[in-house]
Structures are given as structure tokens and as C-alpha cells.
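Secondary and tertiary structure notes
Now for the letters of each chain:
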Amino acid sequence: MQEVGIQTEYIKLQQILKLAGIIGQGSDARALIAEGLVYVNGNQALERGKKIRPNDVVEVKGLGSVKVVMEG
């Protein structure tokens, strides 16, 4: 599992997927969510704009997972 650091209170789901290199663009996130492949802390994600906070774990089935950590 890789870690991605943020310096804000939260980051949107599609942004963290792009930062982690799991997707190339926002429309990729939409497709993965529609297929039911994206999970946040073990719960299926239903929206690209979901707020992801430090210590949250985002998993995309078959593509990998990322833990969000606070930088600074």
C-alpha cells in the first residue's frame, strides 16, 4: 500500500486517485466507481467528490490501494 500526503483537511476521492497514479483523469474515477470497484475504509464509494481525510484508506479492486497521511 502506498501513502500519499496532503496538507489540507481533506481531498476529494478523484483527486487522491490521480495523485496516487491509479487513474489518469476524473472520468476514469467515474467509471471505476460505477463498476463498484472503489472502496474507502472498506465501504464501497458512490461519489467522486467524497471527502478523503488523513488515515483513510482508498482501494481500487485490481489496481491497488493508498493511505492518506497528513504532511507537515
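Remember, predicted model here, so these are calculated numbers, not experimental data. (Residues numbered from 1 in each chain as written. Predicted model: local features only at pLDDT ≥ 70, side-chain atom pairs only at ≥ 80, totals over all residues. Heavy atoms only, no water.)

1. Some thoughts on the environment of glycine 42
With respect to the helices, strands and loops of the structure, glycine 42 is situated in the loop between β3 (38-40) and β4 (43-44). Glycine 42 sits in the exposed class, given a relative accessible area of 61%. (Helix = DSSP H or I, 4+ residues; strand = E, 2+ residues; numbered from the N terminus. Buried < 20%, exposed > 50% of the residue type's maximum accessible area, 1.4 Å probe, protein only.)

2. A short note on the sheet that holds strand β1 (residues 2-6)
In a beta sheet, neighbouring strands are held together by backbone hydrogen bonds and run either parallel or antiparallel to one another. The sheet built from five strands is open, its strands ordered β1-β7-β6-β3-β4 with mixed pairing. The open sheet is flanked by β1 and β4, the only strands paired with a single partner. (Pairing = 2+ DSSP bridges.)

3. Quick look at the packing of aromatic side chains
This model, assessed by the stated rule, comprises zero aromatic pairs. The ring of tyrosine 39 carries lysine 61 above its face, with NZ or CZ at 4.9 Å from the centroid. (Phe/Tyr/Trp six-rings, centres within 6.5 Å; stacked < 30°, edge-to-face > 60°. Lys NZ or Arg CZ within 6 Å of the ring centre and 35° of its normal.)

4. Notes on the pattern of salt bridges
A complete count under the given rule lists two salt bridges for this structure. Its salt-bridge partner being glutamate 9, residue arginine 53 comes within 3.0 Å of it at the nearest N-O pair. Pair noted here: arginine 53 is in the loop between β5 (51-52) and β6 (57-60) and glutamate 9 is in the loop between β1 and β2 (11-12), with a separation of 44 residues, a long-range link. Judged by its relative accessible area of 57%, glutamate 9 falls in the exposed class. Across the pair lysine 61 and glutamate 59 runs a salt bridge, and its minimum N-O distance is 3.6 Å. (Salt bridge = Lys/Arg side-chain N within 4 Å of Asp/Glu carboxyl O.)

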